[in-house]
Amino acid sequence: MALFLWMSGALASFCILAIGARELSGELTIAQSLCIRSAIGLVFLSAVYFIRSQIFKDKQLKSLASQPRVNVIKLHLFRNVFHFIAQYGWFFGIGLLPLAEVFALEFTVPIWTLLIASFFLDEKVTMNKLIAIFLGTLGVLSIVQPGYALIDYASIIVLGSAICFAISHTTTKSLAKTESPLTILLFMCIVQLPIGLFLSLSSWVWPQGEQWLWLTVIGLSALSAHYCLAKAMKYAEITTIITLDFFRLPLIAMVGVFFYNEAFELPLLIGGALMLIGNLVGVRGLTAKSIKVKQNI
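Every value quoted in this text rests on a predicted model; they were computed, and no experiment measured them.

Asks: Help me understand the overall build of the protein in this model?
Replies: Helix and strand counts for the protein come out as 13 helices and zero strands. Going from N to C terminus, the protein has its helices and strands arranged as α-α-α-α-α-α-α-α-α-α-α-α-α. Here the protein holds 297 residues, and 47% of them are scored as buried. For the protein, restricting intrachain contacts to residue pairs at least 6 apart in sequence, the fraction spanning at least 24 positions comes to 90%. Of the roughly 15,200 Å² of accessible surface on the protein, a fraction of 71% belongs to carbon and sulfur atoms.

Right, dumping it as structure tokens:
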């Protein structure tokens, strides 16, 4: 139950993040948006860090700075460099490709994650996972109905972005074994803020009025999404988590229907049904495994 609650929070946060990104599309550079997002996140997390360490006397947070862990810090740096590249590539593709094609390429992430996690985290490639990913992919193709002209330089960049997201997710799973979600988020903001600032200095334009509202929405929803995702990773393997992420596409499509008057079409229902069946197959394997573990305790 905890897994589904955290994943529901992650999916809702990603949808809100998508709305904010769409509202700001074309108004600020990608690097500047990512920079300000990290700055807002860092301010918020610093406040949370202060409250937990000073008011609630959280010993874990107080001891964070006194325990240098070079290997863990290197892993944080590795994760966030790939995460920043993934985000940048995704925003770049949005400006050059139809959204349908971007989403079709982005949702190859579960496939890359399955391959990477099987090699580096020793996660088993089960039949349930393969079926879930296969049905999820069919669902994506049913909804977005990509055309034939997918292979160009912009598509290759978005595909590379999907691979970088898979590396980032796999690294997050590895970090989640020893690091708290709050620590993972802190490092995300600390590492990505200077990268975004450096890349945006030459074309910096201060946001105005409503732009600050949407930047704040992006910053906080991004924190919420990654926090929920990191918490969910404590309850399941990364391949199961990313398979559940297939639900994000029909949810975003519904956002388009209700907020942007986009057409509601039959392929959306068919694709959503395929994703639902795929997720049920994947979760069935997870539930059976959990029941077996409880019986052995």
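Asks: Whenever I open this one, the environment of alanine 39 confuses me. Can you help?
Replies: Looking at where alanine 39 falls in the secondary structure, it is placed in helix 2 (residues 30-55). Spatially, the C-alpha atom of alanine 39 lies 8.4 Å from that of isoleucine 190, the residues being 151 residues apart in sequence.

Asks: Hey, could you run me through the environment of valine 81 in this one?
Replies: By secondary structure assignment, the location of valine 81 is in helix 4 (residues 70-96). A sequence separation of 110 residues divides valine 81 from valine 191, and the C-alpha atoms of the two residues are 7.8 Å apart.

Asks: I tried to follow the side chain of histidine 226 on my own but got confused; where do I start?
Replies: Mapped onto the elements of the fold, histidine 226 is located in helix 10 (residues 210-232). Residues contacting histidine 226, with those up to four places away along its chain left out, are Arg79, His83, Leu185 and Met188.

Asks: What is the right way to read the packing of helix 1 (residues 2-24) against helix 12 (residues 248-259) from this model?
Replies: Any two packed helices are characterised by the angle at which their axes cross and by the distance between the axes. As a packed pair, helix 1 and helix 12 sit with axes 10 Å apart at the nearest point and diverge in direction by 45°. Considered as vectors, helix 1 and helix 12 are oriented oblique to each other. For the pair helix 1 and helix 12, the crossing hand works out as right-handed. The residues of helix 12 that touch helix 1, namely those facing Leu11, Phe14, Cys15, Ala18 and Ile19, are Arg248, Leu251, Ile252 and Val255.

Asks: Hey, could you run me through the packing of helix 6 (residues 109-120) against helix 8 (residues 153-175) in this one?
Replies: In the contact formed by helix 6 and helix 8, the axes pass within 8 Å of each other and the chain directions differ by 45°. The angle between the axes of helix 6 and helix 8 places the two elements in the oblique class. Relative to helix 8, the crossing made by helix 6 is right-handed. Taken together, the residues of helix 8 that come into contact with helix 6 (itself represented by Val109, Trp112, Thr113, Ile116 and Ala117) are Leu159, Ala162, Ile163, Phe165, Ala166, Ile167, His169 and Thr170.

Asks: Looking at this structure, how should I read a nonpolar patch on the surface?
Replies: On the surface, Ile111, Leu115, Phe119 and Phe120 cluster together into a nonpolar patch covering about 460 Å² of accessible area. Structurally, the position occupied by isoleucine 111 is in helix 6.

Asks: Looking at this structure, how should I read helix 1?
Replies: Working note: α-helix, 3.6 residues per turn, so residues spaced by three or four point in the same direction. Helix length check: helix 1, at 23 residues, gives a terminal C-alpha distance of 33 Å against a target of 33 Å (1.5 Å per residue), a fit within 8%. Every buried residue of helix 1 is listed here: Leu3, Met7, Ala10, Leu11, Ser13, Phe14, Cys15, Leu17, Ile19, Gly20, Ala21 and Leu24. One or two residues past the end of helix 1 sits glycine 26, with phi positive at roughly 85°.

Asks: Before we go on, may I ask you to explain the side chain of serine 161 in this structure?
Replies: Note on placement: serine 161 falls in helix 8. In this structure the side chain of serine 161 is engaged in a polar contact, spanning 3.5 Å, whose partner is the backbone nitrogen of tryptophan 90. Not counting residues within four places of it along the chain, the set of residues in contact with serine 161 comprises Ala86, Gly89 and Trp90.

Each value, and the rule that gives it
Residues numbered from 1 in each chain as written. Predicted model: local features only at pLDDT ≥ 70, side-chain atom pairs only at ≥ 80, totals over all residues. Heavy atoms only, no water. Helix = DSSP H or I, 4+ residues; strand = E, 2+ residues; numbered from the N terminus. Buried < 20%, exposed > 50% of the residue type's maximum accessible area, 1.4 Å probe, protein only. Contact = heavy atoms within 4.5 Å. Areas by Shrake-Rupley, 256 points an atom, 1.4 Å probe, with all protein chains shown as cover. Axes fitted to C-alpha atoms, helices over the stretch in contact; angles between N-to-C directions. Parallel < 35°, antiparallel > 145°, perpendicular 65-115°, else oblique. Left-handed = near helix turned anticlockwise from the far one by under 90°. Patch = residues over 30% accessible without salt bridge, like charges linked within 9 Å, V, L, I, M, F, W, Y side chains within 5 Å. Salt bridge = Lys/Arg side-chain N within 4 Å of Asp/Glu carboxyl O. Expected span 1.5 Å × (residues − 1). Polar contact = N/O pair within 3.5 Å; in protein donor to acceptor, adjacent residues only side chain to side chain.

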